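# Results of the structural survey
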Amino acid sequence: MGYALYLAQVGKKHADAKPLKGFGGAGVLEVVEDFDGNAFRAVYTVKLAGVVYVLHAFQKKSRKGVKTSAADIEKVKARLKMAVEIHADRRVEAEENDL
């Protein structure tokens, strides 16, 4: 997962990174890693210029299917909203410092 996030930071996409369904395209991605019989996921966004925000990382608990739980999706949505706000605030600060 670390390597996938590194690639995102340098503007590339890991072969295992897939768009997370329900977020309209490739702006929110998910990497799934299996380890010792368990599935782990990291969700991140690259849709905010020049920054990669990790929105959620978790161990998938359900043994049925590959669908991400509604609770995890809601957490990702809330954190994406926060990331957009933080990113906007940082842009304003950067512009003020340039004056």
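Let me sum up the structure you'll find in this document. Just so you know, these numbers come straight off a predicted model, no measurement behind them. (Residues numbered from 1 in each chain as written. Predicted model: local features only at pLDDT ≥ 70, side-chain atom pairs only at ≥ 80, totals over all residues. Heavy atoms only, no water.)

Here we take up the overall build of the protein chain. Scanning the protein chain from terminus to terminus reveals 2 helices and 4 strands. Projecting the C-alpha coordinates of the protein chain onto the three principal axes gives extents of approximately 55 × 25 × 20 Å. Here the protein chain, with 99 residues, has 30% of them falling under the buried criterion. Of the charged side chains in the protein chain, 17 are positive and 13 negative, and the gap between their average positions amounts to 10 Å. (Helix = DSSP H or I, 4+ residues; strand = E, 2+ residues; numbered from the N terminus. Buried < 20%, exposed > 50% of the residue type's maximum accessible area, 1.4 Å probe, protein only. Lys, Arg positive; Asp, Glu negative; His and termini not counted. Charge placed at Lys NZ, Arg CZ, Asp CG, Glu CD.)

Right, let's talk about the environment of Ser69 for a bit. With respect to the helices and strands, the residue Ser69 is situated in the loop between β4 (53-60) and α2 (70-98). Polar side-chain contacts of Ser69 include one of 2.9 Å to the side chain of Asp72. (Polar contact = N/O pair within 3.5 Å; in protein donor to acceptor, adjacent residues only side chain to side chain.)

Looking now at the pattern of salt bridges. The tally for this structure, following the rule as stated, stands at 2 salt bridges. For Glu30, the salt bridge goes to Arg41, with nearest N and O atoms at 3.1 Å. In this pair, Glu30 is assigned in strand β2 (residues 28-35) and Arg41 in strand β3 (residues 38-45), connecting sequence segments 11 residues apart. Of the charged contacts, one joins Lys77 and Glu74 as a salt bridge, the two residues approaching to 3.8 Å between their closest N and O atoms. Note that Lys77 and Glu74 are positioned in helix α2 at a spacing of 3 residues, about one turn of the helix. Since its relative accessible area comes to 39%, Lys77 is described here as partly exposed. (Salt bridge = Lys/Arg side-chain N within 4 Å of Asp/Glu carboxyl O.)

We now examine the environment of Val46. Tracing the sequence through the fold places Val46 in the loop between β3 and β4. Separated by 28 residues in sequence, Val46 and Lys18 have C-alpha atoms that sit 12 Å apart.

Attention now goes to α2. In an α-helix there are 3.6 residues to a turn, and that puts residues three or four apart on one side. For α2, spanning 29 residues, the distance from its first C-alpha to its last is 42 Å, which sits close to the expected 42 Å at 1.5 Å a residue. Taken as a whole, α2 has its buried residues at Asp72, Ile73, Val76, Leu80, Ala83 and His87. Where the residues of α2 are buried, they touch β2, β3 and β4. (Expected span 1.5 Å × (residues − 1). Contact = heavy atoms within 4.5 Å.)

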